[in-house]
Amino acid sequence: MIRKIYGVLLLMSSLLLMGCPSDSGGDAKDDVVVSSEQILVSPSSLDFSSATGVQERVSLTANCKWMITNIPNWLIVNPKEGSGNATVTIETASPNTGNERAVQLKISGLERSVTLTVRQRGEGSTEPTPTEEHSLTVDRTSLSFDATATQQTFNVTSTDAWTVSSNQTWCTVTPASGSSYDHSVKVSVTANTGTTARTATVTVKNGYTADRIVTVTQAASTGNAPVITAFSVGNPTSSSFQFSMTFTSNPASTNYGVCYSSTNSTPTLSDYYTYWSGSSTGGTYNGTVDHNVLVAGTRYYVRAYVQNSYGTTYSSNTLTVTLEAANPNTPNAGDNPTPNVPSRSVNK
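Computed from a predicted model, the values in this text were never measured in an experiment.

### So, the packing of aromatic side chains
Between two aromatic rings, the relevant description is the distance of the centres plus the angle of the planes. Under the counting rule described, the total for this entry stands at 7 aromatic pairs. Summarising the aromatic geometry, the rings of Tyr256 and Tyr285 are spaced 4.7 Å apart at their centres and angled 40° between planes, so their arrangement reads as tilted. Of this pair, Tyr256 sits in strand S20 (residues 241-261) while Tyr285 sits in strand S21 (residues 272-289), placing them 29 residues apart in sequence. On the basis of relative accessibility, which here comes to 11%, the residue Tyr256 falls in the buried class. Centre to centre, the rings of Tyr273 and Tyr305 are 6.2 Å apart; their planes meet at 80°, and the pair counts as edge-to-face. With Tyr273 in strand S21 and Tyr305 in strand S22 (residues 299-308), this pair connects stretches of sequence that are 32 residues apart. For the pair formed by Tyr273 and Tyr305, the shared burial category is buried. Chaining the aromatic ring pairs together yields one cluster made of Phe241, Tyr260, Tyr272 and Tyr300.

### Considering the sheet that holds strand S2 (residues 45-48)
Taken together, the 5 strands give an open sheet; going across it, the order is S2-S9-S8-S4-S6, and neighbouring strands pair in mixed fashion. Looking along the sheet, the strands with just one partner apiece sit at the ends: S2 and strand S6 (81-83). Mean inter-strand twist for the sheet, computed between neighbouring axes without regard to direction, equals 20°. As paired elements, strand S8 (residues 101-108) and strand S9 (residues 113-120) share 8 bridges and run antiparallel to each other. Residue Leu105 lies in a different strand from S9, and its bridge partner there is Leu116.

### Focus: the sheet that holds strand S5 (residues 75-78)
Strand pairing within a sheet occurs via backbone hydrogen bonds; the two strands may be parallel or antiparallel. As summarised here, the arrangement of the 4 strands in space is S1-S3-S7-S5, forming an open sheet in which the pairing is antiparallel. In the strand order of this sheet, the two ends are held by strand S1 (39-42) and S5, each with one partner. Neighbouring strand axes in the sheet, compared pairwise and without regard to direction, differ in orientation by 25° on average. With 6 bridges connecting them, strand S3 (residues 55-62) and strand S7 (residues 86-92) associate as antiparallel partners. Bridging from a neighbouring strand, Ser59 pairs with Thr87 of S7.

### Quick look at the nonpolar core
Judged by nonpolar contacts, the single largest core of 22 residues is most densely connected at Val88, Ile90, Leu105, Ile107, Leu116 and Val118. Listing elements by their share of this core, those giving two or more residues are S1, S2, S3, strand S4 (65-69), S5, S7, S8 and S9. For Val88, the residues in contact, after removing those within four places along its chain, are Glu56, Arg57, Val58, Leu60, Trp66, Ile68, Val77, Asn78 and Pro79.

### Quick look at the confidence of the model for the chain
Looking at the chain as a whole, its pLDDT mean stands at 82, while 81% of the residues score no less than 70. Confidence, expressed as mean pLDDT per element, reaches its minimum in the chain at helix H1 (residues 2-19) with 49 and its maximum at strand S24 (residues 319-322) with 97. With pLDDT under 50 throughout, residues 15-33 is counted as low confidence; its partners more than four residues away or in other chains account for 2 contacts. Note on residues 127-131: pLDDT under 50 across the span, and 9 contacts to partners over four residues away in sequence or across chains.

### Side note on empty space enclosed by the protein
Following the criterion strictly, the structure yields 1 cavity of 30 Å³ or more and no others. Put simply, the largest cavity is a space of about 30 Å³.

### Concerning the side chain of Asn192
By secondary structure assignment, the location of Asn192 is in the loop between strand S16 (181-189) and strand S17 (198-205). From its side chain, Asn192 meets the backbone oxygen of Thr196 in a polar contact 3.1 Å long. A polar atom in the side chain of Asn192 sits 2.9 Å from the backbone oxygen of Ala219. The residues touching Asn192, leaving out its near neighbours within four places in the chain, are Ala147, Ala197, Arg198, Gln218, Ala219, Ala220, Ser221 and Tyr310.

### Thoughts on the pairing of S3
When S1 meets S3, the two strands line up antiparallel, connected through 4 bridges. Note on S3: the bridge partner recorded for Leu40 is Thr61.

### What to know about the pairing of S17
Strand direction decides the pairing type here: strand S13 (residues 162-166) and S17, joined by 4 bridges, are antiparallel. Residue pairing across strands places Thr163 opposite Lys205, the latter belonging to S17. Strand direction decides the pairing type here: S17 and strand S18 (residues 212-218), joined by 7 bridges, are antiparallel. What sits directly across from Ala200, in S18, is Val216. Where S17 folds back onto S18 in an antiparallel hairpin, the turn is made up of 6 residues, including Gly207, whose phi is positive at roughly 85°.

About the thresholds
Residues numbered from 1 in each chain as written. Predicted model: local features only at pLDDT ≥ 70, side-chain atom pairs only at ≥ 80, totals over all residues. Heavy atoms only, no water. Phe/Tyr/Trp six-rings, centres within 6.5 Å; stacked < 30°, edge-to-face > 60°. Helix = DSSP H or I, 4+ residues; strand = E, 2+ residues; numbered from the N terminus. Buried < 20%, exposed > 50% of the residue type's maximum accessible area, 1.4 Å probe, protein only. Pairing = 2+ DSSP bridges. Axes fitted to C-alpha atoms, helices over the stretch in contact; angles between N-to-C directions. Core = buried A, V, L, I, M, F, W, Y, C linked by side-chain atoms within 4.5 Å. Contact = heavy atoms within 4.5 Å. pLDDT = per-residue confidence, 0-100. 1 Å grid on protein atoms, 1.4 Å probe; cavity = no way out; pocket = protein on both sides within 12 Å on 5 of 7 lines; lining within 4 Å. Points joined across faces, edges and corners; volume = space filled by probe spheres on them. Polar contact = N/O pair within 3.5 Å; in protein donor to acceptor, adjacent residues only side chain to side chain.

Structure representation (structure tokens):
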């Protein structure tokens, strides 16, 4: 009896052992689930200058949906969420007038997450020692202009995003900022009508190296707007009239002529006008206005004008001329009503 009981127990043990999975074996399954999500960001950190509106971009590599959180109010992030690979733009939303500030943006999927460290230097921060990783150069340290309104350029080379500004309203720069590498900056000045030279300071910053300064100087005025000393009109026909004008211009004029209107008692270049283009320091010029916008029997207000780099001068007196009535046997090119939108007449 004992032997039979022992045999039954031995048989049951064998069956239990056969039913258990082998540690080394064959068909054994592991219950641990490994995530297949992947999220990578490059670069993993960004450093901004203290200025506002500076942009950088990061490359996001992902095979899942993702969302960016922990965004402070001094940063603009676009887009904030998405699916798969993307380029994300990070921009400073406000200037940092204090010390350096930093944040770790969190980029998360359902099971994975990575961080992007963003720093913004402050105006109160200590300027770091320039290294090979951060450099900023300009190819000109000074620009000289004559008294006229004109423009010149200089080139910026930077390893980082940069900004440029002028401390004078008569001197403007475009663009006001740029990304890294080489860029051309346009410096424009208005005409200096004063009797003394003037100076502006153009400052280029990238937040890592010392600021680069371009000094802009503009010579004092050596001229002025044109002066019209005499003006007259006459000899009207049904489709034309003549004029005579005398002027001086220093510097030389760029164009001159007359402007006219049947409704505006002080016509300007926004009305009809006839012009002669070319350089002239002055003299007496006679001409004929015979454009087909003229209407027979109509009274016109007429003013002379001269332009140079210092501005536009109109004659102090506005004259009137009345065209003769149309000959009923001769078609008049000006019979059509004057259009509401001013056109331009050109007689050379």
